[in-house]
Amino acid sequence: GENVEQHPSTLSVQEGDSAVIKCTYSDSASNYFPWYKQELGKRPQLIIDIRSNVGEKKDQRIAVTLNKTAKHFSLHITETQPEDSAVYFCAASFRGGADGLTFGKGTHLIIQP
Amino acid sequence: DAGITQSPRHKVTETGTPVTLRCHQTENHRYMYWYRQDPGHGLRLIHYSYGVKDTDKGEVSDGYSVSRSKTEDFLLTLESATSSQTSVYFCAISDSGNNQPQHFGDGTRLSIL
């Protein structure tokens, strides 16, 4: 089955700086890659997703890039703010999510004031 | 937020007892999923449903069963709970499944003593 590796497990950045979280996947047939943000004690919330026919997608301060050849995708957050502090999860699915997602183990992002 | 209600929100029970968790949605979405979340493991798929009475196993299905008798309800049952099933359980829903976002409920915190 699919395997998703996520790095780093913890990332601390100064407020206003950029943060990058990287994920690799094993199944070359994977075609859907969402990112979730989870605050302590809350539900995971979808923040951005990308399909395999697209190399990059942006939404305000958040962007995701996909390299199908290397089988990795990354989350970029610019101009970080205190409210960006959370755990971020990447995920992948080879059936577009129809039979579920395989998640990375998460990155705890800490924004230092 | 997607109309997803999980019940109960918290439960403490003893080893060997049966436990049923309920996920109720008001979105009329076809796909429903059960995940468990444990420290160091991210979210892992237990079972999913692609329609009424249509279900399939996920990555960590041993010890769990599911049922979906109507579109809005997806039940997860632990026939004989074990301490290793202590976890936070999340339900998710998706409209068409294929390349469509999954939205999560608020979770059920289950402790098995």
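Note: the structure precedes this text.
So, here is what we can say about the structure in this document. Predicted, not measured: the structure shown is a model, and the values here were computed from it.

1. Some words on the interface of chain B and chain A
Right, on to step 1. Of the residues lining the interface, 22 residues belong to chain B; the matching set on chain A comes to 22 residues.
Right, on to step 2. Carbon and sulfur atoms supply 47% of the area buried between chain B and chain A, which totals about 1900 Å² over both sides.
Right, on to step 3. Contact with chain A buries area across many residues of chain B, yet Leu43(B), Asn99(B) and Phe104(B) alone supply 30% of it, more than any other trio.
Right, on to step 4. Our count for the chain B to chain A interface comes out at one salt bridge.
Right, on to step 5. Counting the contacts that link chain B with chain A gives five residue pairs in polar contact (both at pLDDT 80 or more).

2. Some words on the sheet that holds strand 3 (residues 19-25) of chain A
All names here are of chain A.
Right, on to step 1. Taken together, the five strands give an open sheet; going across it, the order is 1-3-8-7-6, and neighbouring strands pair in antiparallel fashion. Looking at strand neighbours, the two that pair on one side only are strand 1 (4-7) and strand 6 (56-59), the edges of this open sheet. Sheet twist, expressed as the average angle between the axes of neighbouring strands with direction ignored, equals 15°.
Right, on to step 2. The sheet contact formed by strand 3 and strand 8 (residues 72-77) spans six bridges and is antiparallel. Note on strand 8: the bridge partner recorded for Thr 24 is His 72.

3. Brief notes about the packing of aromatic side chains
Right, on to step 1. By the definition in use, this model includes 17 aromatic pairs over all chains.
Right, on to step 2. Aromatic side chains Tyr36(A) and Phe103(A) sit 5.8 Å apart centroid to centroid with 50° between the ring planes, which places their arrangement in the tilted category. Of this pair, Tyr36(A) sits in strand 4 (residues 32-38) while Phe103(A) sits in strand 10 (residues 102-103); the two residues are 67 residues apart in sequence, bridging distant segments of the chain. Here Tyr36(A) matches Phe103(A) in class, with each residue buried.
Right, on to step 3. Seen from their ring centres, Tyr36(A) and Phe104(B) are 5.3 Å apart, and the 90° between their planes marks the pair as edge-to-face. Taken together, the residues span two chains, with Tyr36(A) in strand 4 and Phe104(B) in strand 10 (residues 103-104).
Right, on to step 4. According to the relative accessible area criterion, Tyr36(A) is buried, its value standing at 1%.
Right, on to step 5. What links up through ring pairs into an aromatic cluster is the set Tyr36(A), Phe89(A), Phe103(A), Tyr31(B), Tyr33(B), Tyr35(B), Tyr48(B), Tyr50(B), Phe90(B) and Phe104(B).

Reading the values: the criteria
- Residues numbered from 1 in each chain as written.
- Chains lettered and ligands numbered in written order.
- Predicted model: local features only at pLDDT ≥ 70, side-chain atom pairs only at ≥ 80, totals over all residues.
- Heavy atoms only, no water.
- Contact = heavy atoms within 4.5 Å.
- Buried area = accessible area lost by both parts, 1.4 Å probe.
- Salt bridge = Lys/Arg side-chain N within 4 Å of Asp/Glu carboxyl O.
- Polar contact = N/O pair within 3.5 Å; in protein donor to acceptor, adjacent residues only side chain to side chain.
- Pairing = 2+ DSSP bridges.
- Helix = DSSP H or I, 4+ residues; strand = E, 2+ residues; numbered from the N terminus.
- Axes fitted to C-alpha atoms, helices over the stretch in contact; angles between N-to-C directions.
- Phe/Tyr/Trp six-rings, centres within 6.5 Å; stacked < 30°, edge-to-face > 60°.
- Buried < 20%, exposed > 50% of the residue type's maximum accessible area, 1.4 Å probe, protein only.

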